[in-house]
Protein chains: 2
Amino acid sequence: MQIILLSGGSGKRLWPLSNNARSKQFLPLLQSPSGETESMVQRVVRQIGESRLSGEITIATNSSQRDIIINQLGEGVDIVTEPERRDTFPAIALATGYLSMTKKCSNDEAVVIMPCDPYTETEYFDVIADMVSAAENNAADLVLMGITPTHPSTKFGYVVPCPENSAKNIFRVKRFTEKPDTERAKALLAENAFWNGGVFAFRLGYMVNIIEKYITTSSFEELHSRYGELPKISFDYEVVEKAESVAVLPFNGKWKDLGTWNSLTEELSSNAIGNVAIGEQTENTHVVNELGMPIFCNGVKDIIVAGSPDGILVCGKECSENIKNYVDNLSPRPMYEERRWGNYRVLDNTTYSDGYQSLTKVLNIKSERFISYQRHNNREEVWTIVDGEGVVVIDGEIRNVSRGDVVVIRQKQKHAIKALTDLQILEVQMGNPLIEEDIERFDWEW
Amino acid sequence: MQIILLSGGSGKRLWPLSNNARSKQFLPLLQSPSGETESMVQRVVRQIGESRLSGEITIATNSSQRDIIINQLGEGVDIVTEPERRDTFPAIALATGYLSMTKKCSNDEAVVIMPCDPYTETEYFDVIADMVSAAENNAADLVLMGITPTHPSTKFGYVVPCPENSAKNIFRVKRFTEKPDTERAKALLAENAFWNGGVFAFRLGYMVNIIEKYITTSSFEELHSRYGELPKISFDYEVVEKAESVAVLPFNGKWKDLGTWNSLTEELSSNAIGNVAIGEQTENTHVVNELGMPIFCNGVKDIIVAGSPDGILVCGKECSENIKNYVDNLSPRPMYEERRWGNYRVLDNTTYSDGYQSLTKVLNIKSERFISYQRHNNREEVWTIVDGEGVVVIDGEIRNVSRGDVVVIRQKQKHAIKALTDLQILEVQMGNPLIEEDIERFDWEW
């Protein structure tokens, strides 16, 4: 069997920790059984490994998340990145096309599609294993997970089962319903409807046939290059609601979307993460600090405080659902980003009266990783090596660097760096305009 | 007449904006009549200039405040700095010695001693003008200001007037009382006692005689060098309580100590100072942000949020009196400091596994100012010039620098920089140990 983990999304509902470069599933705020912190995506991959599911994992994502996924999960995972952002149907079609054409999986092999961000326990994966068995036993063309509702939520699509159904843990599906209003949601609960959990199992050939309605090819590269021909539509609309034979398996265990600060804080490893001091007159308050400087809280109740290089949030827990609208324009660019080679953090970003800018970053480059050979037309960079050892290339000339060394990269000079041990660099960028897009990449054989 | 403004104190009651390098009286948070921001010390100097007081101002302070005073008030003020911290009597003795021996003021000239931090209005200075007249007219050896109490406070010393007194606005003093408990304070109010406002007027000769009890000299330099011989005692104990002829003039206008966040926020120029966004579900909340990154607040009530390079405070207004105990050890060093040449802000301070440290700062050097010629034994510095033009000296060699230039200063190299226009520099310091005390200063003729 094959598992396709969907890692999409971006945005600022968990601002300032999530930003356009770091979606919520990558925040290292949960506690793993070994006592370390882990992100949602690290947690789900660990849980799959510990479950009865024995499938190989392919992550379907967009190119902006590729580096952080490799950084968090290692080089061992298969990653399929969309060439452009469309919707869940094309994304899943591309990943299943990869399984069929590149990995040469059989059309009979079962495939599970699952999101990477619900916060769940072991039983969730047990139900998924049962879904896989149901698909393998031809219980239906498409098998999906129905979450037993806890309240008439207006945030989920619903799955209505056939009432005349006999089997205890598997139902045929009568119909699907869009996110309802509260009145409709109450009526759906009376019909024993489930929330659509976004988990699907089918045999690979089922999706291969659907892809062929749009693109006929046996080459994954061709499918990838013709990605724009796939309709911009959700998997639910294009596949689930059109399927003739659909079964639903209920799940009624722990299942939480940690998509708001209020819901996330209930699962945090501690009330105070990072450089934090909390006074005695504080109640039900969570502080998460990714900054070097300390945060001190006292005399407050029911609030969330979060600090990152992107900004500082001080928010009543009850209000945390709506922060996105307020913060969307607060941080013009991500101030922290994980890359394949490590990560960077912006310390300062100043624009001078003549429009010229400076941007000061700490770069952490992991041992043996490298920053690609590149050139900027409108900016200079000064690297001060503060820890570790590495090799620098400037216009083809190689030189070893270590603590105390300074590398000045003028406009239009090609440059690259490779870490021999974990490297820390203070980088000052200067230019006008100073934009990420001012970059040309070249090959360099290390 | 002469005015001695006492600028003492330090500490963290207004942390993170106040620190050991920036006392509360230097925080630029008040609004001047012209709509700009001003600090408490800038406000009182402006108010003196606008008042009936026509005296020259001498500021009595300690050496750590000298640079920030010059930076905020300009080069035109007289500053007398104690060679070591003792108490208010020696500090006032030194400043009056300066008036007598260096400025050659007459023993008959009236002197007013006043603190630089009460938040007051015009009437306060009118009473001080009346105190000066009283001293000049020999109403008493020592004339002091009595603040009409608003409540039985335990935080102030009290001045008890003679009841048989006749004049309406001037009283002879019967006795002084230390900070009382609440019961004693209520009894003092029944006796029509005043709070001791810390404002004193006398003729210069009166203090000169008292100094001569300890040190007989006509040289201010000698007084300064023998400063340690003056007793470590407050002006109240040594002078006020021993005086035989003391008068008190009452003041009952606006008089506030802005020494806690709660009292300060009532006088701030705005609810949101700096890069701040406040959501609609927020009540009675003040946010002061000296950081580049944004602070967003919503769904909170009756709190103070303050951010500076030293840290971030989130505090219920009612709890703001006690923060000092919590934050005393949070910031190991001031992360923002004003110097005579401008200011610096620490962006990053990292200690590596081998004890080596890096410290990254933004330096803002004002046009025509300079950083003294100096040498460090255990650290290197890398300066990246990001804005402006200047002249650098390294081991006696002079070179002009401007935007984009990089200056590397190795251990033991003498170096200095002068700004030709306002200069901004990103400085990376590296060393072990990395301490402020690792500095030797030399002369350089610009």
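For the structure, check the block above.
Calculation notes
Residues numbered from 1 in each chain as written. Chains lettered and ligands numbered in written order. Predicted model: local features only at pLDDT ≥ 70, side-chain atom pairs only at ≥ 80, totals over all residues. Heavy atoms only, no water. Helix = DSSP H or I, 4+ residues; strand = E, 2+ residues; numbered from the N terminus. Rg over C-alpha atoms; globule rule 2.2 N^0.38 Å. Buried < 20%, exposed > 50% of the residue type's maximum accessible area, 1.4 Å probe, protein only. Least-squares fit on C-alpha atoms with pLDDT ≥ 70 in both. Contact = heavy atoms within 4.5 Å. Phe/Tyr/Trp six-rings, centres within 6.5 Å; stacked < 30°, edge-to-face > 60°. Polar contact = N/O pair within 3.5 Å; in protein donor to acceptor, adjacent residues only side chain to side chain. Pairing = 2+ DSSP bridges. Buried area = accessible area lost by both parts, 1.4 Å probe. Salt bridge = Lys/Arg side-chain N within 4 Å of Asp/Glu carboxyl O. Nonpolar A, V, L, I, M, F, W, Y, C, P; charged D, E, K, R; others polar. Expected span 1.5 Å × (residues − 1). Axes fitted to C-alpha atoms, helices over the stretch in contact; angles between N-to-C directions. Core = buried A, V, L, I, M, F, W, Y, C linked by side-chain atoms within 4.5 Å.

For this particular structure, what's the right way to read the overall build of chain A?
A tally of regular secondary structure across chain A gives ten helices and 30 strands. Taking 446 residues into account, the globule formula puts the C-alpha radius of gyration at 22 Å, and chain A, at 24 Å, falls close to it. Counting only C-alpha atoms, chain A reaches 75 × 65 × 40 Å along its principal axes. Within chain A, buried positions represent 57% of all 446 residues.

Sorry, what's going on with the relation of the copies chain A and chain B here?
The pair of chain copies shares a relation made of a rotation about an axis and a shift along it. If you rotate chain A by 180 degrees and push it 0.0 Å along the axis, it lands on chain B with an RMSD of 0.0 Å. Here the two chains are linked by the operation of a two-fold rotation axis. Measuring from the rotation axis to each C-alpha of chain A, the shortest distance belongs to A:L347, at 3.0 Å. An overlap of 100% is found between the interface residues of chain A and their copies at the interface of chain B, pointing to a shared contact surface.

How do you make sense of the packing of aromatic side chains when you look at a structure like this?
The description of an aromatic ring pair uses the distance of the two centres, along with the angle that the planes make with each other. Residues and elements named next belong to chain A. Using the criterion set out here, one finds 28 aromatic pairs over all chains in the structure. Consider the rings of F370 and W446, whose centres lie 5.8 Å apart with planes at 40 degrees: the pair is tilted. Linking F370 in strand β23 (residues 370-375) with W446 in the segment after β30 (440-442), this pair joins segments that are 76 residues apart in sequence. Owing to a relative accessible area of 40%, F370 belongs among the partly exposed residues under this scheme. Taking the relative accessible area as the measure of exposure, W446 reaches 37% and is therefore partly exposed.

Would you mind going over the environment of A:Q429 with me for this structure?
All names here are of chain A. Position of Q429 among the secondary structure elements: in strand β29 (residues 423-431). Distance from Q429 to A93, taken between C-alpha atoms, is 41 Å for residues 336 residues apart in sequence. Beyond its immediate chain neighbours, meaning those up to four positions away, Q429 contacts Q357, S358, L359, K361, R379, E380, E381 and L434. Side chain to side chain, Q429 and E427 meet in a polar contact 2.8 Å long.

Explain the pairing of strand β26 (residues 397-402) of chain B here, please?
It is a general feature of regular strands that their side chains alternate between the two faces of the sheet. Of the pairings in the sheet, the one linking strand β25 (residues 389-394) of chain B to β26(B) comprises six bridges and is antiparallel in character. Considered in β26(B), the bridge of B:V391 is made with B:N400.

Explain the interface of chain A and chain B here, please?
Reports often express the size of an interface as the amount of accessible area lost when the parts come together. Taken together, the contacts link 56 residues of chain A with 56 residues of chain B. A combined buried area of about 4400 Å² lies between chain A and chain B, and 66% of that area is made up of carbon and sulfur atoms. At the junction of chain A with chain B, the criterion picks out four salt bridges. Across the pair A:D348 and B:R345 runs a salt bridge, and its minimum N-O distance is 3.1 Å. At the boundary of chain A with chain B, the tally comes to 20 residue pairs in polar contact (both at pLDDT 80 or more). Residue composition of the side of chain A that touches chain B, by class: 33 nonpolar, 14 polar and nine charged. As judged from the four bridges shared by strand β17 (residues 295-298) of chain A and strand β19 (residues 311-316) of chain B, these two strands associate in the parallel manner. Within the sheet, the bridge partner assigned to A:C297 lies in β19(B) and is B:V314.

Would you explain helix α3 (residues 88-102) of chain A in this entry?
An α-helical turn contains 3.6 residues, so a residue and the one three or four places further along point in the same direction. Residues and elements named next belong to chain A. The end-to-end C-alpha separation of α3 is 20 Å, in line with the 21 Å expected for 15 residues at 1.5 Å each. Most of α3 is tucked away, with 13 of its 15 residues classed as buried. One or two steps after α3, the chain reaches K104, where phi turns positive at roughly 55 degrees.

So what exactly am I meant to see when it comes to the sheet that holds strand β24 (residues 379-387) of chain A here?
Residues and elements named next belong to chain A. With antiparallel pairing, six strands are arranged side by side in an open sheet as β20-β21-β22-β29-β24-β27. What marks the edges here is a single partner per strand, and that holds for β20 (336-339) and β27 (406-409). Recorded for the sheet is a direction-independent mean angle of 20 degrees between the axes of neighbouring strands. Direction of pairing for β24 relative to β27: antiparallel, over a ladder of four bridges. Bridge assignment links V382 to a residue of β27, and that residue is V408.

How should I be thinking about the pattern of salt bridges in this particular structure?
Opposite charge on two side chains makes pairing possible when the charged atoms of those side chains draw close. Inspection of the entire model under this criterion finds 70 salt bridges over all chains. Note that B:E84 is salt-bridged to B:R86, the shortest N-O span being 3.4 Å. Assessed through its relative accessible area of 21%, B:R86 is described here as partly exposed. Through salt bridges with shared partners, a single ionic network connects A:R333, A:E337, A:R339, A:K361 and A:E436.

In this structure, what is going on with helix α6 (residues 204-212) of chain B? I would like to understand it.
All names here are of chain B. Most of α6 is tucked away, with seven of its nine residues classed as buried. What α6 keeps buried is the set L204, G205, Y206, M207, V208, I210 and I211. Among the structural elements, α3 (88-102), β6 (110-115), β8 (142-147), β11 (194-203), α7 (220-225) and α8 (235-240) are those in contact with the buried residues of α6.

Could you clarify how one ought to interpret the sheet that holds strand β21 (residues 342-351) of chain B in this entry?
The strands making up a sheet are joined through hydrogen bonds of the backbone, oriented either antiparallel or parallel. All names here are of chain B. Read across the sheet, six strands follow the order β20-β21-β22-β29-β24-β27 without closing on themselves; strand pairing throughout is antiparallel. At either end of the open sheet lies a strand with only one pairing partner, and these are β20 (336-339) and β27 (406-409). Sheet twist, expressed as the average angle between the axes of neighbouring strands with direction ignored, equals 20 degrees. Most of the contacts of helix α2 (residues 63-73) go to β20, to which it runs at about 70 degrees, and overall it touches β20 and β21.

Would you take a moment to explain the nonpolar core for this structure?
Residues and elements named next belong to chain B. With 44 residues, the main nonpolar core has I48, L53, M114, Y124, I128, M131 and M145 as its most contacted residues. With nine residues, helix α4 (residues 122-136) is the single largest residue contributor to this core. The contact partners of M145, leaving out residues within four places of it in the chain, are Y124, V127, I128, M131, W195, N196, G197, V199, V248, L249 and F251.

What's the story with unusual backbone geometry in this structure? I'm lost.
Cis geometry marks the peptide bond from A:W15 to A:P16, where omega comes out at 5 degrees. Turning to its location among the elements, A:P16 is positioned in the loop between β1 (2-7) and β2 (30-31). Residues other than glycine seldom take positive phi values, yet B:K412 does so here, at roughly 75 degrees. If you trace the backbone, B:K412 turns up in the loop between β27 and β28 (415-419).

Looking at this model, I keep getting lost on the pairing of β28(B). Mind explaining?
Residues and elements named next belong to chain B. Of all five residues making up β28, five are buried, and the element is well covered by its neighbours. The alternating pattern of β28 places H415, I417 and A419 and A416 and K418 on opposite faces, both of which are buried. For β25 and β28, the ladder comprises five bridges, and the chain directions are antiparallel. Bridging across to β28, V391 finds its partner in K418.

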